[in-house]
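In case you want the letters, here they are:
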Amino acid sequence: MIKQFLKDVDWGDLDFLVVDTPPGTSDEHLSIVQYLKDAGITGAILITTPQEVALQDVRREIDFCRKVGVPMIGVVENMASFVCPKCTKSSVIFPPTTGGARGLAVEQNIPFLGSIPLDPRIGISGDFGESFLDQYQDSPAYTAYAQIISSVVAFCKTNKPTGP
């Protein structure tokens, strides 16, 4: 299925192809890397939440990326806090006990791209097929996304894909 999705679909001219995978280092991850190596891989963005159990998964993903030669664009912390859409006050709901994604990035010498607060309007936008970034530019989550996107685009412009 992964091979068909990556090899048999005419994607046309793309600026970016983002492949979202579940946490871990399964056969699917290895397959994706093998199939995309021919086209070139610019890098991986590692997403985590602040809890240590999630950070442990990302440490394994970091080891995987290093072993297979996939550059790491950086680490993003998701659900770092909750932002009330009414008052925009932020509350930490998953306090990092070991430094969170920022601490992991320092520990592993990988760029920290940013923290995205949990905003219930992100899910609602998706449910209605709307762009959260177009609809809620006043949200702190929008600001975080914009900063992360800018960092990723800058990385991609200055780093050539790995592959043949």
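The structure under discussion appears in the preceding block.
Residues numbered from 1 in each chain as written. Predicted model: local features only at pLDDT ≥ 70, side-chain atom pairs only at ≥ 80, totals over all residues. Heavy atoms only, no water.

Can you lay out the overall build of the chain for me, pointing to particular residues and giving the numbers?
When helices and strands are counted, the chain shows 7 helices and 4 strands. When the helices and strands of the chain are placed in sequence order, the string is α-α-β-α-β-β-α-β-α-α-α. Its C-alpha atoms give the chain a radius of gyration of 17 Å, within 12% of the compact-globule value 15 Å for 164 residues. If one aligns the C-alpha atoms of the chain with their principal axes, the spans along those axes are about 50 × 35 × 30 Å. Long-range pairs, those at least 24 residues apart, make up 70% of the contacts in the chain with a sequence separation of at least 6. Split by element, the accessible area of the chain, about 10,100 Å² in all, is 55% carbon and sulfur. Charged side chains in the chain number 13 positive and 19 negative. The centres of these two groups are separated by 7 Å. (Helix = DSSP H or I, 4+ residues; strand = E, 2+ residues; numbered from the N terminus. Rg over C-alpha atoms; globule rule 2.2 N^0.38 Å. Contact = heavy atoms within 4.5 Å. Areas by Shrake-Rupley, 256 points an atom, 1.4 Å probe, with all protein chains shown as cover. Lys, Arg positive; Asp, Glu negative; His and termini not counted. Charge placed at Lys NZ, Arg CZ, Asp CG, Glu CD.)

Describe the side chain of Arg 121, listing the residues and the values that go with them.
Residue placement: Arg 121 occurs in helix 5 (residues 120–127). Looking at Arg 121, the relative accessible area reads 12%, which means it is buried. (Buried < 20%, exposed > 50% of the residue type's maximum accessible area, 1.4 Å probe, protein only.)

Tell me what's going on with the layout of surface pockets, and back it up with residues and numbers.
In this structure, the largest pocket spans a volume of roughly 1,800 Å³. Every residue lining the largest pocket is counted, 50 residues in all, and those nearest its centre are Leu 17, Val 18, Val 19, Gly 43 and Ile 45. Residue assignment for the lining of the largest pocket shows that the elements contributing at least two residues are helix 1 (2–7), helix 2 (27–37), strand 1 (44–48), helix 3 (52–68), strand 2 (72–83) and helix 7 (140–158). Residues belonging to the lining of the largest pocket are distributed by class as follows: 35 nonpolar, 9 polar and 6 charged. (1 Å grid on protein atoms, 1.4 Å probe; cavity = no way out; pocket = protein on both sides within 12 Å on 5 of 7 lines; lining within 4 Å. Points joined across faces, edges and corners; volume = space filled by probe spheres on them. Nonpolar A, V, L, I, M, F, W, Y, C, P; charged D, E, K, R; others polar.)

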